[in-house]
Amino acid sequence: MVLNYIWIGFFLVAFVIAAGKLLLWGDYDVFPAMMDATFASSKTAFEISLGLTGVLSLWLGVMKVGEKGGVVSALSRLLSPVFCKLFPDIPKGHPVTGSIFMNIAANMLGLDNAATPLGLKAMEQMQELNQKKDTASNPMIMFLVLNTSGLTLIPVSIMVYRAQMGAQQPTDIFIPILLATFFSTLAGIIATSLYQRINLINRTMLLTLGGACLLVVGVIWGFSRMAPETMNRVSTTVANILLMTIICAFIVAGMRKRVNVYEAFVEGAKDGFSTAVRIIPYLVAILVGIGVFRASGAMDLLIGGCRSVVEACGVDNRWVDAMPTALMKPLSGSGARGMMVDAMTNYGADSFVGRLSCIFQGSTDTTFYILAVYFGSVGIRNTRHAVSCGLLADFAGVIAAIAICYLFFS
């Protein structure tokens, strides 16, 4: 229901603004631009789904091998104490626990291509437990918020973009992103737990969150002692080694269980094509709405209004010029990436705005894209509190990013 109102809002706001431009200023280009955006966004949605087909087939095949080889079950048993607290509606030891862990691990390493199919697999398994097939269950919402909060340990792609844009130290945003995304994830967990009345004040969760904090501190300390070039090389290498290790471990586990690994892989890979086809309509809908909203000039008006309010309050407004990245990130990953590159181009990669745009890009994830893809893959229409919790996590990430950027780069 929430997505329905948001989607309608995109079109109605865009139409009103475009009509005002035409009648008041004689802007005859705005409506053609909006129509061009609908066609371009539809094409983009299909291309994304088409590009996902091969990756989905690969990772769903690998997951099937791991499932039959017992790896997923082993992960479920290992993580059941923690996930029983965060996902109390999932039966203890259920295979979906392993899929959730694999998805979160891939996201933390910045391996988006691996994380999406693993997340879709987890959604399908949670849908099997769901009593109301068109309504998001509590575990689905908690899982989605963990994804939209964008917890990332190694923001490789952002550091690469900064290097390409001529930053003197492309890795100088590594620690700020790590801190901002940690606060975003923590806020998402707390918000969702409050909605779902999950008690986080217990020994298991306190030890887990405390351990996570120590891990974050350890990663920060280790990478801060490296030279920038070494940091990029080590982070990329470690991420890919871990990914290949997972694939090989699944294959070896399948061999130990005397599973026909090839047939298991093919069986899982077949689901990749059907899943990619299922998400096309949902992607087309959300991307077309976003494209029309941008083409009408609504985003520019929003930023202009924000700058005026900040100036009237007498507050430093340097952060406002980076806000297009923050506002676009929940809507479109590629759009936010374009905003980030545009900020570095216009203001400089090492400017306050350029760095803040990079931190925005790395501190949260594409809430509405994830919502459309993950819920669309299993036919969820009633998203309940998923949008509000996801946006609360995004908001926390934005506030943390601004504060941390002033702390490090003001």
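Here, every reference points to the structure presented above.
Treat the numbers as computed from the prediction; the structure is a model and nothing was measured.

About the cut-offs
Position labels on residues start from 1 in each chain and follow its written sequence. Thresholds applied to this predicted model are a pLDDT of at least 70 for local features of residues and 80 or more for the giving and counting of side-chain atom pairs; totals over whole chains, interfaces and linings are not thresholded and use all residues. In computing side-chain values, all of the structure's heavy atoms are included and hydrogens and water are not. Under the scheme used here, helices are H or I runs from DSSP no shorter than 4 residues and strands are E runs no shorter than 2 residues, and both carry numbers assigned from the N terminus. What the globule rule says is 2.2 Å times the number of residues to the power 0.38, and the radius of gyration is computed from C-alpha atoms. Here the term buried applies to any residue with accessible area under 20% of the maximum for its type, exposed to any over 50%, and partly exposed to those in between, with areas from a 1.4 Å probe on protein chains only. Note on definitions: a residue-residue contact is assigned when non-hydrogen atoms from the two residues lie within 4.5 Å. The Shrake-Rupley method, run with a 1.4 Å probe sphere, supplies the accessible areas, and residue values consider only the shown protein chains as cover. Working convention for charge: Lys and Arg count positive, Asp and Glu count negative, and His plus the chain ends are omitted. For charged residues, the charge sits on one atom: NZ in Lys, CZ in Arg, CG in Asp, CD in Glu. Two rings from Phe, Tyr or Trp (for Trp, the six-membered ring) form a pair when their centres sit within 6.5 Å of each other. Planes less than 30 degrees apart are called stacked, planes more than 60 degrees apart edge-to-face, and all others tilted. Charge over a ring is defined by NZ of Lys or CZ of Arg lying within 6 Å of the ring centre and within 35 degrees of the ring normal. Side-chain atoms within 4.5 Å link the members of a nonpolar core, which is a set of buried Ala, Val, Leu, Ile, Met, Phe, Trp, Tyr and Cys residues. Every case where a carboxyl oxygen of Asp or Glu lies within 4 Å of a side-chain nitrogen of Lys or Arg is listed as a salt bridge. To obtain each axis, a line is fitted to C-alpha atoms, and for helices this fit is confined to the stretch in contact; angles are then taken between N-to-C directions over 0 to 180 degrees. Geometric relationships in this document are graded by angle, where less than 35 degrees denotes roughly parallel, more than 145 denotes roughly antiparallel, 65 to 115 denotes roughly perpendicular, and other angles denote oblique. Crossings are classed by handedness, with left-handed meaning an anticlockwise turn of the near helix from the far one by less than a right angle and right-handed meaning a clockwise turn. Amino acids are sorted into nonpolar (Ala, Val, Leu, Ile, Met, Phe, Trp, Tyr, Cys and Pro), charged (Asp, Glu, Lys and Arg) and polar (every other residue, Gly among them). The span one expects for a helix is its residue count, reduced by one, times 1.5 Å. The term bend refers to the angle at a residue between two fitted axes, each drawn through seven residues, those ending there and those starting there.

J.: So what exactly am I meant to see when it comes to the overall build of the protein here?
T.: The number of helices and strands found in the protein is 17 helices and zero strands. Radius of gyration (C-alpha) of the protein: 22 Å, near the 22 Å computed for a compact globule of 410 residues. A burial count over the protein gives 52% of its 410 residues as buried. Expressed as a percentage of contacts within the protein between residues at least 6 apart in sequence, the contacts between residues at least 24 apart total 78%. Taken as a whole, the protein presents about 18,700 Å² of accessible surface, with 65% of it coming from carbon and sulfur. Looking at the protein, you have 28 positive and 23 negative side-chain charges, and the mean spots of the two groups are 13 Å apart.

J.: When you look at the packing of aromatic side chains in this model, what are you seeing that I'm missing?
T.: Any two aromatic rings considered together are summarised by their centre-to-centre distance and by the angle between their planes. In this structure the tally under the stated criterion is seven aromatic pairs. Pairing Phe-408 with Phe-409 gives two aromatic rings, centres 6.1 Å apart and planes at 45 degrees, and the pair type is tilted. Taking relative accessible area as the criterion, Phe-408 reaches 38% and is therefore assigned partly exposed. It is Arg-318 that lies over the ring of Phe-352; its NZ or CZ is 4.4 Å from the centre.

J.: Where do I start with unusual backbone geometry in this structure?
T.: Glycine aside, negative phi is the norm for most residues, and most peptide bonds take the trans geometry. Despite not being glycine, Arg-197 shows a phi value in the positive range, around 55 degrees. Inspection of the secondary structure assignment puts Arg-197 in the loop between helix 8 (174-196) and helix 9 (203-224). With a phi close to 50 degrees, Arg-384 is a non-glycine residue in the positive phi region. Along the chain, Arg-384 falls in the loop between helix 16 (367-377) and helix 17 (386-409).

J.: Just checking my understanding: could you explain the nonpolar core for this structure?
T.: Nonpolar side chains in soluble globular proteins tend to be buried together. In terms of nonpolar packing, the biggest core is built from 56 residues, with Phe-87, Ile-100, Met-123, Met-126 and Phe-375 touching the most fellow members. Here this core takes eight residues from helix 16, the largest share from any one element. If you look at the next biggest cluster of nonpolar residues, it comprises 35 residues, including Val-216, Val-320, Ala-343 and Ala-400.

J.: For this particular structure, what's the right way to read the pattern of salt bridges?
T.: For side chains of opposite charge, pairing can occur when their charged atoms come near one another. Here the structure, examined in full by the defined rule, presents seven salt bridges. With a shortest N-O distance of 2.8 Å, Glu-267 and Lys-68 are connected by a salt bridge. One end of the pair, Glu-267, is in helix 11 (residues 261-295); the other, Lys-68, is in helix 2 (residues 30-69), and 199 residues separate them in sequence. Of the residues examined, Glu-267 reaches a relative accessible area of 36% and is grouped as partly exposed. Classification of Lys-68 by relative accessible area gives partly exposed; the value is 39%. The salt bridge involving Arg-162 is made with Asp-350; its shortest N-O contact spans 3.1 Å. With Arg-162 in helix 7 (residues 156-164) and Asp-350 in the loop between helix 14 (333-347) and helix 15 (352-363), this residue pair connects regions lying 188 residues apart in the sequence. Three or more residues are tied together by salt bridges with common partners; here these are Arg-162, Asp-172, Asp-350 and Arg-355.

J.: In this structure, what is going on with the packing of helix 8 against helix 17? I would like to understand it.
T.: Helix-helix packing: each pair is described by the crossing angle between the helix axes and the interaxial distance. Between helix 8 and helix 17, whose axes approach to 8 Å, the crossing angle comes to 150 degrees. Looking at the two axes, helix 8 sits roughly antiparallel to helix 17. In this structure, the crossing between helix 8 and helix 17 has a hand that is right-handed. Along the contact surface, helix 8 presents Ile-175, Pro-176, Leu-179, Ala-180, Phe-183, Ser-184, Ala-187, Gly-188, Ala-191, Thr-192 and Tyr-195, while helix 17 presents Ser-388, Cys-389, Leu-392, Ala-393, Asp-394, Ala-396, Gly-397, Ala-400, Ala-401, Ile-404, Phe-408 and Phe-409. Looking at the contact of helix 8 with helix 17 residue by residue, the classes come out as 17 nonpolar, five polar and one charged.

J.: Honestly, the packing of helix 16 against helix 17 in this entry has me stumped. Any pointers?
T.: Running from N to C, helix 16 and helix 17 cross one another at 145 degrees; their axes reach a closest spacing of 10 Å. When you trace helix 16 past helix 17, the crossing you get is right-handed. Residue-level contacts link Thr-367, Phe-368, Leu-371 and Phe-375 of helix 16 to Ala-386, Val-387, Gly-390, Leu-391 and Asp-394 of helix 17. Residue classes in the contact of helix 16 with helix 17 are distributed as six nonpolar, two polar and one charged.

J.: Got a minute to help me understand the side chain of Gln-127 in this structure?
T.: Within the secondary structure, Gln-127 is located in helix 5 (residues 112-129). Classification of Gln-127 by relative accessible area gives buried; the value is 10%. Every residue in contact with Gln-127, bar those within four places of it in the chain, is listed here: Lys-133, Met-140, Val-378 and Ile-380.

J.: Sorry, what's going on with helix 2 here?
T.: Each α-helix turn comprises 3.6 residues. Residues three or four places apart therefore point the same way. The end-to-end C-alpha distance of helix 2 is 56 Å, a good match for the 58 Å that 40 residues give at a rise of 1.5 Å each. At Thr-53, helix 2 shows its largest kink, close to 30 degrees. At the exit of helix 2 stands Gly-70, carrying a positive phi of roughly 90 degrees.

What is shown is where atoms sit, not what they do.
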